[in-house]
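# Geometric and topological summary
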Amino acid sequence: RHGYTAKNGDFPYEFIVNEEDVGQGSGNPNAFTRGSYTADDVMISSMVSLKLQLHANSLLLNTCSNFHVLIGAMKDAGCGLASYAEVMKDNVNPEFRLKCGWDH
């Protein structure tokens, strides 16, 4: 489903991904069953994504979604393994500052 580059001599990285991510992306529970997935699929996918992100060494958070806000709050409360977290909206370099859809 995703076009990840395989690890090789020029690209020495491997990605751990949630292959079953339903990518519902709405944040609206009423819309969870409108695709080819169920509300259970969304919850399982969300829990797997949360576990994967809490086991990372570092986090880059966009904070444009409630999910990223939750992950940041959990990291701040001592959950997870990350020793470094960066909120992309607050990046010191203006070129890398992420803007949410509602930012002007």
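Here, every reference points to the structure presented above.
Residues numbered from 1 in each chain as written. Predicted model: local features only at pLDDT ≥ 70, side-chain atom pairs only at ≥ 80, totals over all residues. Heavy atoms only, no water.

### Quick look at the overall build of the protein
The number of helices and strands found in the protein is two helices and two strands. Listing each helix as α and each strand as β along the protein from the N terminus yields α-β-α-β. By the burial criterion, 19% of the 104 residues in the protein qualify as buried. Within the protein, contacts between residues at least 6 apart in sequence are counted, and of these 47% link residues at least 24 apart. Taken as a whole, the protein presents about 7,900 Å² of accessible surface, with 54% of it coming from carbon and sulfur. (Helix = DSSP H or I, 4+ residues; strand = E, 2+ residues; numbered from the N terminus. Buried < 20%, exposed > 50% of the residue type's maximum accessible area, 1.4 Å probe, protein only. Contact = heavy atoms within 4.5 Å. Areas by Shrake-Rupley, 256 points an atom, 1.4 Å probe, with all protein chains shown as cover.)

### Some words on helix α1 (residues 39-54)
In this model, α1 (16 residues) spans 22 Å end to end at C-alpha, consistent with the 22 Å of a helix rising 1.5 Å per residue. Those residues of α1 that sit buried are Val 42, Ser 45, Ser 49, Leu 50 and Leu 54. Buried residues of α1, viewed axially, fall in a sector of 155°; they line one side. Opposite the packed face of α1, turned more than 90 degrees from it, sit the exposed residues Asp 40, Ile 44 and Lys 51. On its buried face, α1 is in contact with α2 (66-76). (Expected span 1.5 Å × (residues − 1). Arc of directions from axis to C-beta.)

### Quick look at the packing of α1 against α2
Their axes nearest at 11 Å, the elements α1 and α2 cross at an angle of 45°. As judged from the angle between their axes, α1 and α2 are oblique. Here α1 runs over α2; the crossing is right-handed. Every residue of α2 that contacts α1 at Ser 46, Ser 49, Leu 50, Gln 53 and Leu 54 is listed here: Phe 67, Ile 71 and Met 74. Of the residues contributing to the contact of α1 with α2, the split by class is five nonpolar, three polar and no charged. (Axes fitted to C-alpha atoms, helices over the stretch in contact; angles between N-to-C directions. Parallel < 35°, antiparallel > 145°, perpendicular 65-115°, else oblique. Left-handed = near helix turned anticlockwise from the far one by under 90°. Nonpolar A, V, L, I, M, F, W, Y, C, P; charged D, E, K, R; others polar.)

### Section: a nonpolar patch on the surface
Together, Ile 16, Ile 44, Val 48 and Leu 52 make up a nonpolar patch on the protein surface, roughly 380 Å² of accessible area in all. Among the secondary structure elements, Ile 16 is positioned in the segment before α1. (Patch = residues over 30% accessible without salt bridge, like charges linked within 9 Å, V, L, I, M, F, W, Y side chains within 5 Å. Salt bridge = Lys/Arg side-chain N within 4 Å of Asp/Glu carboxyl O.)

### Digging into the pairing of strand β2 (residues 84-87)
Bridge analysis of strand β1 (residues 58-61) against β2 gives four bridges, and the strand direction is parallel. Of the residues in β2, the one forming a bridge with Leu 60 is Glu 86. As a crossover connection, the stretch from β1 through α2 into β2 is right-handed. (Pairing = 2+ DSSP bridges. Right-handed = clockwise from strand over helix to strand, strands pointing away.)

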